[in-house]
Amino acid sequence: MFMNKGRFIIGTRSCQIKPLQCSKYSSSKVSVGSKFTSMKEIKEYLDTPSWSLLEYLRNDTNTEEITDEQKLPSVASVKKLLKLSGFDSEGVDIPQIQQRLAKQLIFLQNLQRAPLDDSCDNTAFARIQPRTTKPINYKDLLQKIEDQKNNKFEDEVSGYWNPLANNIKSKNGYFIVTKKTT
Amino acid sequence: MLRAKTQLISHSLKGKWYSTVAKSAEYKLTCGLEIHTQLNTVNKLFSASTNNPFESISHPNLNTSYFDIALPGTQPILNYEAVLFALKLALSMKSNVNLNSQFDRKHYFYGDQPQGYQITQHYHPFSTGGYLTLSKEFDSIKDTEKKINIIQLQIEQDTARSLHVHQSPLNKTSGEDILIDFNRSNVPLIELVTEPDFHDTLQIKAFIKKYQNLVRQLKISTGDLEAGSIRIDVNVSVNEHPRVELKNLPNTSSIIAAIDYEYQRQMQVLKDGRIEEDAHVETRAWDGTKTTVLRSKESAMDYRYMADPELPLITLDNDVLEEVAKTLSKSADEYIKDLMSEPYHLSMKDAKILTIQNEFNDLYNNEELRQYYVDTFKSYTKDSTASSKIVISWILHELLGNLKKLDIPLKLLSDNLLPPNKLANLLTLIHTKVISNANAKQLLFHILDEFKTSRCVKLEEIDFMTLVKKYDLQTTNNIDYASLEEGCNKILSEIKKPTMIEDIKSGKKKNSIKYLVGLGMRKYQGKIEAQEIETMFKKILHIK
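Think of each chain on its own: its residues are numbered from 1, step by step along the sequence as written. Think of it this way: whatever chain is written first is A, whatever ligand is written first is 1, and the rest follow in order. It should be noted that, the model being predicted, local features are given only for residues of pLDDT at least 70 and side-chain atom pairs only at 80 or more, the latter also being counted only at that level, while totals for whole chains, interfaces and linings use all residues. Heavy atoms throughout the structure, all of them, feed into the side-chain values; hydrogens and water do not.

As annotated in an unreviewed UniProt entry, chain B carries the name Glutamyl-tRNA(Gln) amidotransferase subunit B, mitochondrial and is attributed to Maudiozyma exigua. UniProt positions are given in the numbering used here, feature names are shortened, and annotations may be inferred rather than shown by experiment. According to the UniProt record, the Function (unreviewed entry) comment for chain B reads "Allows the formation of correctly charged Gln-tRNA(Gln) through the transamidation of misacylated Glu-tRNA(Gln) in the mitochondria. The reaction takes place in the presence of glutamine and ATP through an activated gamma-phospho-Glu-tRNA(Gln)." As recorded by UniProt, the Sequence similarities (unreviewed entry) comment attached to chain B reads in full: "Belongs to the GatB/GatE family. GatB subfamily."

Looking at an unreviewed UniProt entry, one finds chain A named Glutamyl-tRNA(Gln) amidotransferase subunit F, mitochondrial and attributed to Maudiozyma exigua. Heading Subunit (unreviewed entry) of the UniProt record for chain A holds this comment: "Subunit of the heterotrimeric GatFAB amidotransferase (AdT) complex, composed of A, B and F subunits." You can read under Function (unreviewed entry) in the UniProt record for chain A the words "Allows the formation of correctly charged Gln-tRNA(Gln) through the transamidation of misacylated Glu-tRNA(Gln) in the mitochondria. The reaction takes place in the presence of glutamine and ATP through an activated gamma-phospho-Glu-tRNA(Gln). Required for proper protein synthesis within the mitochondrion."

What follows is the structure, given as C-alpha cells:
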C-alpha cells in the first residue's frame, strides 16, 4: 500500500475514485486524487515517498508498546496462525509475534478508516491508470489457442508431480478436508 | 408424505419422462434455469493442465497443476479456447457478445475451492440477451412456438469434486472427512441463465434436450447430464410465492420430479395462507423424493465480488464475431426441415436421428452420420430413379447396427473400407435384384467383420459385384417355378405344427408366413428373393 499527495493506492490497482478533498485522519492528511496517466508518472510517484510507515503503525495512544491485552491477538490465535502458515510454534517468541500482529492490525484498521469512495462506476477500469487492452482479432485468437495447447509448464503435465506428497492426510489419491461437526 | 398425498411425480414410460402433475390454472408455475456446461477444451481454463474431469474415478488429482490446487505464487493464464467455445455458443443463441468482458472473484470458503474464491464473470459477463426457440413441430411442446430468453452467459472455473465420507476411521474426532479431487478444479464452465420464461415442464424438458444437442453440435461439450458435464439448477415460483432455487438435480427425470414436487408444495403453502412464514428466497435440494432446505439464498454482497487483478479484460475485435459466425452451421431445426424436404423426403423421426445427438459416443456423431447419408443418397440417386428409401433404411438399421455390434467408428469405415459411393453400389445391386436383401445383409456383415479383424486398416478397394460372384450370392434370374413350388411344399410338409398352417390360412396369425419365408430363404441360400418365396407360399395355401 502506498500513500502520497492526493492519491491512494492499494497494491497495484485502485477503484475508479472521484477526487476528494483532503481529510484528516490519524496524524496524516490523506486524500484521493485522479488517475495516473502514464507508467512514468506512477514510477515517479512511487520513487518520492512522502510519508512514514511508522505513522500508520501507531495506536491511538501513540506508544510503541501495546500493553492493552484486549488489543493483542491471543496466544492461541498466534499458534493457530503459525500452524496455518506452516511454521513451528515451539521455541518462538510468542509475545513478540503478538506485538507485531497487533501493530499490523492497527495498520489495517488505519487503512480501513481512509476516506475512500469505492462506488466504482465501471469495475472494468478499476485500475490506478486507465487501461486499454489491445483487441484480439480472429487470427490472433486462433494463434493463441494453438500456441497454448502445446505450451505447458512442467507442473501442468499430468503425473509430473505428486500433489499429495506433502500432505499428512490423504486417501486413495484424494486430499482430505475434515469438517468439524461440533 | 406430500408425495404420497398428492400422487405426484413423474413416471418412466418407455424410457421417456413425463409429468403427471396437473397444473392448476389458478396456480401458475414459473421457472428459470441456470445451466453450467463443462467445456471440452484440451486444457483447463486458467492453466494448461489436461482437461479431463472424468479421469478422476481412476486417477484422482492426476490432472492438477500448481495453480489448480492454488499453491501460493501461482497466477492464472486464460485459455483462449474457452473464449472461442463461448463465442460459438453465444452466437448460436443470438446473444450479444461483450467485446470487453472481465473476470471477477467470487469469494467463499470451502474445501473444493482452495483459492478462497472462484474466478467467474460477475460485473461484465461474456454475453447478454439471446434466446432459444422451441416449437410444437420439433420439440413437442404445447404451444406452436415458445421463445426462451437468455439473460447472460459467463465463463467461470469449475470447483474440485468433493466426496463426503462420514465418520472415517482416519478421523479421530467426530468430524466429517471430505475427499477432494482437483481433476475437475479449474475446468472451464459456461454458466447460462435464462429468464423465468418456462411455464410447464414440457418446455423445460424440450429446452434441456435442445440445449444438449446444441452444445454437442458445436462440439464444445459432451453435454451429458448424468456425468455432470451439464448441471442444472432450477428456479421455481408458483404465483406470488418467493422463488426457490432447486439443486442436486442429476438428470432430466429428477428435474421434472423436483419441479412437480415444488409446485405442489408451494401451492399448498399458498392455499394454507402460510405465505408470510414462508416468504423468503431459499435454496432447496432434491433428495429423490422431496425437496429440503439447503440454505437461505446468499445475497450478492456475501460473495464480496471484485475484479480479478491478475487477469486482463477479454477484449475482442469485431472481426472475431464475424469470423466465428461463419464457422457455425445451420440450426438443428433447419437441418431437420431440409432432410424432410426435396430430394430426401425423410420422416421426422429419421431426420432427427441424423441431426440430434442423443448420446455422445465414440463411433459416430450426428454430423458424420448425416454427411454419410447425404453422400450415399447422392451417389445412389445419380444413376437411378428408384425409390431412395432404401438408403436411409440401410444406413440406420443395417450399417449402424453392425457398427455398434462390431464397435467400428463410422469415420474409419468411411475412410478405409466403405465410402458412401461403395455403399451406394451395394444398394444398387439390391435394387436391381442382383443380390437379395438377405444375402446383402450377410455380405455387409461379413466384410465389416473382416475389417474389424484386420484392425480397421485400409484394405484394397471393394468391388461388390466381384464379391457377389466370389461367394456365389447372385439371385436366380430364371426361377424354375415348378421346382420352387415343389420345394415350398416340402417345407410345408415338414412343419410339425399343422395348426400354424391353419392359422396362417385363416388369417389368425397372418405374419407367421414370414417364418415360412425364412425357411425358404435358408433352403435357397437367399438366391431367390423373399418376395418370390412368399408369393409361392400364398399360392399353395390359397391366401390372397
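### Observations concerning the packing of aromatic side chains
Residue and element names in this part refer to chain B. Whether two aromatic rings pair depends on their centres lying within 6.5 Å, for rings of Phe, Tyr and Trp, where Trp uses its six-membered ring; planes under 30 degrees apart make the pair stacked, over 60 edge-to-face, and the rest tilted. Counted under the stated rule, the structure contains 11 aromatic pairs over all chains. Of the aromatic side chains, those joined through ring pairs into one cluster are F198, F207 and Y211. Cation placement over rings: the criterion is NZ of Lys or CZ of Arg within 6 Å of the ring centroid and within 35° of the ring normal. Positioned above the aromatic ring of Y303 is the side chain of K106, whose terminal nitrogen or guanidinium carbon lies 4.4 Å from the ring centre.

### Focus on the sheet that holds strand β18 (residues 306-307) of chain B
Residue and element names in this part refer to chain B. Pairing is antiparallel in the open sheet, where three strands are placed in the order β7-β6-β18. Of all strands in the sheet, those bounded by a partner on one side alone are β7 (117-120) and β18. In this scheme, strands are said to pair when DSSP sees at least two bridges between them. A run of H or I in DSSP becomes a helix once it reaches four residues, and a run of E becomes a strand once it reaches two; helices and strands are each numbered from the N terminus. Here strand β6 (residues 104-107) runs beside β18; their pairing, made up of two bridges, is antiparallel. What sits directly across from D104, in β18, is A307.

### Digging into the nonpolar core
All names here are of chain B. In terms of nonpolar packing, the biggest core is built from 73 residues, with V83, L87, L89, F207, Y211 and V234 touching the most fellow members. What makes two residues a contact is simply this: any of their non-hydrogen atoms within 4.5 Å. In this structure, Y211 is in contact with I35, T37, L89, M93, L132, L192 and I230, ignoring residues within four places of it in sequence. Put simply, a nonpolar core is a bunch of buried Ala, Val, Leu, Ile, Met, Phe, Trp, Tyr and Cys residues held in one set by side-chain atoms that sit within 4.5 Å of each other. Each residue's exposure class comes from its accessible area (1.4 Å probe, protein chains only) as a fraction of the maximum for that residue type: buried when under 20%, exposed when over 50%, partly exposed otherwise. Core analysis: the second largest hydrophobic core is formed by 51 residues, A351, Y372, L418 and F464 among them.

### Structural notes on helix α4 (residues 201-217) of chain B
Residues and elements named next belong to chain B. What a helix should span is 1.5 Å times the count of its residues minus one. Over its 17 residues, α4 extends 24 Å from the first C-alpha to the last, a length consistent with the 24 Å expected when each residue adds 1.5 Å. Most of α4 sits inside the fold, with 14 of its 17 residues counted as buried. By the N-cap criterion, in which a side-chain oxygen at the helix start approaches the backbone nitrogen of a residue two or three places on, α4 is capped by D200, the distance to L202 being 2.9 Å. Of the residues one or two after α4, K219 is the one with positive phi, at around 60 degrees. As used in this structure description, the phrase polar contact means that two N or O atoms lie within 3.5 Å; if the pair is within protein, one of them must be able to donate a hydrogen and the other to accept it, and residues adjacent in sequence are counted only when both atoms belong to side chains.

### Some details on the pattern of salt bridges
All names here are of chain B. Salt-bridge detection follows one rule: a side-chain nitrogen of Lys or Arg within 4 Å of a carboxyl oxygen of Asp or Glu. With the rule as written, the count across this model stands at 29 salt bridges over all chains. Of the charged contacts in the structure, one is a salt bridge between R265 and E262, with a shortest N-O distance of 2.6 Å. Taken together, the positions of R265 and E262, both in helix α5 (residues 252-271) and three residues apart, correspond to about one turn of that helix. The class of R265 is buried, set by a relative accessible area of 10%. The partner of K538 in a salt bridge is E534, and the shortest N-O contact between them spans 3.3 Å. Placement of both K538 and E534 in helix α18 (residues 530-540) is noted, with a separation of four residues, approximately one turn of the helix. Classification of E534 by relative accessible area gives buried; the value is 11%. Among the charged side chains, a network of salt bridges with common partners joins E262, R265, E282 and R284.

### Considerations on the interface of chain A and chain B
Counting from both sides, the interface comprises 42 residues of chain A and, opposite them, 58 residues of chain B. In this assembly, chain A packs against chain B so that about 4,100 Å² is buried in total across both faces, 61% of it on carbon and sulfur atoms. At the boundary of chain A and chain B, one finds one salt bridge. Salt-bridge contacts for K149 of chain A lead to E81 of chain B; the nearest nitrogen and oxygen are separated by 3.5 Å. Along the contact surface separating chain A from chain B lie 18 residue pairs in polar contact (both at pLDDT 80 or more). Looking at the side of chain A that touches chain B, the elements that each hand over two or more residues are α5 (138-149), β5 (170-171) and β6 (174-179) of chain A. Of the residues that constitute the side of chain A that touches chain B, the class distribution is 16 nonpolar, 13 polar and 13 charged. Computed with a 1.4 Å rolling probe, the buried area is the accessible surface lost when two parts are put together, summed over both parts. Residue polarity follows a fixed list, in which Ala, Val, Leu, Ile, Met, Phe, Trp, Tyr, Cys and Pro are nonpolar, Asp, Glu, Lys and Arg are charged, and the others, Gly among them, are polar.

### As for the packing of helix α8 (residues 348-355) of chain B against helix α9 (residues 366-382) of chain B
Residue and element names in this part refer to chain B. Helix axes are fitted to C-alpha atoms over the stretch in contact, other axes to C-alpha atoms as well, and angles between N-to-C directions run from 0 to 180 degrees. At their nearest, the axes of α8 and α9 sit 7 Å apart, and the two run at 125 degrees to each other. Judged by the inter-axis angle, α8 sits oblique to α9. Listed contacts from α9 to I353, L354 and T355 of α8 are N366, L369, R370 and Y373. Taken together, the residues of the contact of α8 with α9 sort by class into four nonpolar, two polar and one charged. Angles below 35 degrees are treated as roughly parallel, those above 145 as roughly antiparallel, those between 65 and 115 as roughly perpendicular, and all remaining angles as oblique.

### Concerning the side chain of E156 of chain A
Mapped onto the fold, E156 of chain A is located in the loop between α5 and β5. Neither His nor the chain ends contribute to the count of charged residues, in which Lys and Arg are positive and Asp and Glu negative. Here E156 of chain A sits buried without a salt bridge, and the closest side chain of opposite charge, K152 of chain A, lies 6.7 Å off (N-O distance). At 2.8 Å, the side chain of E156 of chain A forms a polar contact with the backbone nitrogen of F153 of chain A. In this structure the side chain of E156 of chain A is engaged in a polar contact, spanning 2.9 Å, whose partner is the backbone nitrogen of A48 of chain B. Residues in contact with E156 of chain A, not counting those within four places in the same chain, are N151 of chain A together with S47, A48, S49, T50 and S65 of chain B.

### A few points about empty space enclosed by the protein
With a probe scaled to a water molecule rolled over the atoms, the places where space remains empty come into view. Residues and elements named next belong to chain B. Buriedness of a pocket was judged along seven lines, with at least five required to meet protein on both sides within 12 Å; pockets are open sets of points on a 1 Å grid over the protein atoms alone, cavities are sets where a 1.4 Å probe fits but cannot get out, and lining residues have an atom within 4 Å of a point. Grid points are joined across faces, edges and corners, and a volume is the space filled by probe spheres set on the points. Summed over all chains, the structure comprises one cavity of 30 Å³ or more. Taken as a whole, the largest cavity holds about 40 Å³ of empty space. Lining of the largest cavity is provided by F67, D68, Q113, Q115, Q157, D158, S185 and N186. Looking at the lining of the largest cavity residue by residue, the class counts come to one nonpolar, five polar and two charged.

### Structural notes on unusual backbone geometry
All names here are of chain B. Between E342 and the following residue, P343, the backbone shows a cis peptide bond with an omega angle of 0 degrees. Of note in the backbone geometry, S140 takes a positive phi value of approximately 55 degrees without being a glycine. If you trace the backbone, S140 turns up in the loop between α3 (136-139) and β10 (145-157).

### Observations concerning the environment of K352 of chain B
All names here are of chain B. For K352, the location among the structural elements is in helix α8. Classification of K352 by relative accessible area gives partly exposed; the value is 21%. C-alpha separation for the pair K352 and R370, spaced 18 residues apart in sequence, amounts to 10.0 Å.

### A look at the pairing of β6 of chain A
Sheet analysis places β5 of chain A next to β6 of chain A, joined by two bridges and oriented antiparallel. Its bridge partner lying in β6 of chain A, K171 of chain A is registered against Y174 of chain A. In sequence, β5 of chain A turns back onto β6 of chain A through a hairpin of two residues, with N172 of chain A there showing a positive phi of about 50 degrees. Sheet analysis places β6 of chain A next to strand β12 (residues 176-181) of chain B, joined by five bridges and oriented antiparallel. Counted as the bridge partner of F175 of chain A is I180 of chain B from β12 of chain B.

### Quick look at the pairing of strand β14 (residues 230-238) of chain B
All names here are of chain B. Counting buried positions over the nine residues of β14 gives eight, a clear majority of the element. Here strand β3 (residues 29-38) pairs with β14 via nine bridges, running antiparallel. From the neighbouring strand, L29 faces β14, where its bridge partner is V238. Pairing of β14 with strand β15 (residues 244-247), which is carried by three bridges, proceeds in the antiparallel orientation. Residue pairing in the sheet places V234 in a bridge with L246 of β15.

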